[in-house]
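Listed here are the chains, written in short residue letters.
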Amino acid sequence: MPDLVFYTAPPDVKEVELVSDEVTTMCPKTGNPDFYTVRVRYSPRERILCTKALKEWFTEQRTAGHSCEGFAQAVYRLLREPLDPIWLHVEVTQKPRGGIAITAQCRGLGSTNPYEKEGDDAA
């Protein structure tokens, strides 16, 4: 896991969106590369993410075996606790293979939200 780097969130920034269409992992079944567009949206509570660390983590995933759905969950879980946003939405779209495109989404409230039930995790 990368060392994520954070900065203090400017008080007037209410939503941040990060998009990368240069993400690749390996299909866990075939070993063929899958190409993704990853969109991360969040409402910062106290900090914002340095994108360099996220890009480095994406690079590390090139040889990892992920389904589209599993990769969306991996990104969500990577960011949710250390970023501690008010809310977080991760969307991963796999470029079509065999004529089928897949989009998977994970969304939820920040890890310190007192109204979220124990064990209630986006998948």
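Predicted, not measured: the structure shown is a model, and the values here were computed from it.

Criteria and cut-off values
Residues numbered from 1 in each chain as written. Predicted model: local features only at pLDDT ≥ 70, side-chain atom pairs only at ≥ 80, totals over all residues. Heavy atoms only, no water. Helix = DSSP H or I, 4+ residues; strand = E, 2+ residues; numbered from the N terminus. Buried < 20%, exposed > 50% of the residue type's maximum accessible area, 1.4 Å probe, protein only. Contact = heavy atoms within 4.5 Å. Pairing = 2+ DSSP bridges. Axes fitted to C-alpha atoms, helices over the stretch in contact; angles between N-to-C directions. Core = buried A, V, L, I, M, F, W, Y, C linked by side-chain atoms within 4.5 Å. Phe/Tyr/Trp six-rings, centres within 6.5 Å; stacked < 30°, edge-to-face > 60°.

**Q** Tell me about the overall build of the protein chain, residues and numbers included.
**A** When helices and strands are tallied, the protein chain shows two helices and six strands. Listing every helix and strand of the protein chain by position from the N terminus yields β-β-β-β-α-α-β-β. Here the protein chain, with 123 residues, has 39% of them falling under the buried criterion. A fraction of 67% describes how many contacts in the protein chain between residues 6 or more apart in sequence connect residues 24 or more apart.

**Q** Report on the environment of Gln-94, specifying residues and quantitative values.
**A** Secondary-structure assignment places Gln-94 in strand β5 (residues 87–97). Spatially, the C-alpha atoms of Gln-94 and Cys-68 are 6.3 Å apart, while their sequence positions differ by 26 residues.

**Q** Go over the sheet that holds strand β3 (residues 33–43) with me, naming the residues and quoting the values.
**A** Strand order across the open sheet formed by four strands is β2-β3-β5-β6, with antiparallel pairing between neighbours. Only two strands of the sheet have a single partner each, and these edge strands are β2 (16–26) and β6 (100–109). Ignoring strand direction, the axes of neighbouring strands in this sheet form an average angle of 15°. Looking at chain direction, β2 and β3 are connected through nine bridges and run antiparallel. In the strand pairing of β3, Thr-24 is matched with Phe-35. Against the sheet, helix α2 (residues 68–83) engages β2, β3, β5 and β6, with an angle of about 25° to β6.

**Q** Describe the nonpolar core, naming the residues involved and giving the relevant values.
**A** Membership of the largest hydrophobic core comes to 28 residues, with the highest contact counts inside it found for Val-40, Tyr-42, Phe-71 and Leu-79. When contributions to this core are tallied by element, the ones reaching two or more residues are β2, β3, β4 (47–49), α1 (51–60), α2, β5 and β6. The element that contributes the greatest number of residues to this core is α2, accounting for eight residues. Other than its neighbours up to four places away in sequence, Leu-79 contacts Leu-4, Val-40, Leu-49, Leu-54, Asp-84 and Leu-88.

**Q** Describe the environment of Ala-101, naming the residues involved and giving the relevant values.
**A** Along the chain, Ala-101 falls in strand β6. Through-space distance from the C-alpha of Ala-101 to that of Cys-68 is 9.9 Å; in sequence the pair is 33 residues apart. If we skip the residues at most four places from it in the chain, Ala-101 touches Gln-94 and Pro-96.

**Q** I'd like to hear about the environment of Ala-9, residue by residue, with values.
**A** The residue Ala-9 is located in the loop between β1 (6–8) and β2 in this model. Between the C-alpha atoms of Ala-9 and Arg-45, which are 36 residues apart in sequence, the distance is 7.4 Å. With near-sequence residues (within four places) excluded, Ala-9 lies in contact with Pro-44, Glu-46, Arg-47 and Ile-48.

**Q** Lay out the packing of aromatic side chains in plain terms, naming residues and giving numbers.
**A** This structure, assessed with the given rule, holds four aromatic pairs. Seen from their ring centres, Trp-57 and Phe-71 are 5.7 Å apart, and the 5° between their planes marks the pair as stacked. Here Phe-71 lies in helix α2 and Trp-57 lies in helix α1, a separation of 14 residues in the sequence. As far as the burial class goes, Trp-57 and Phe-71 line up, both buried.

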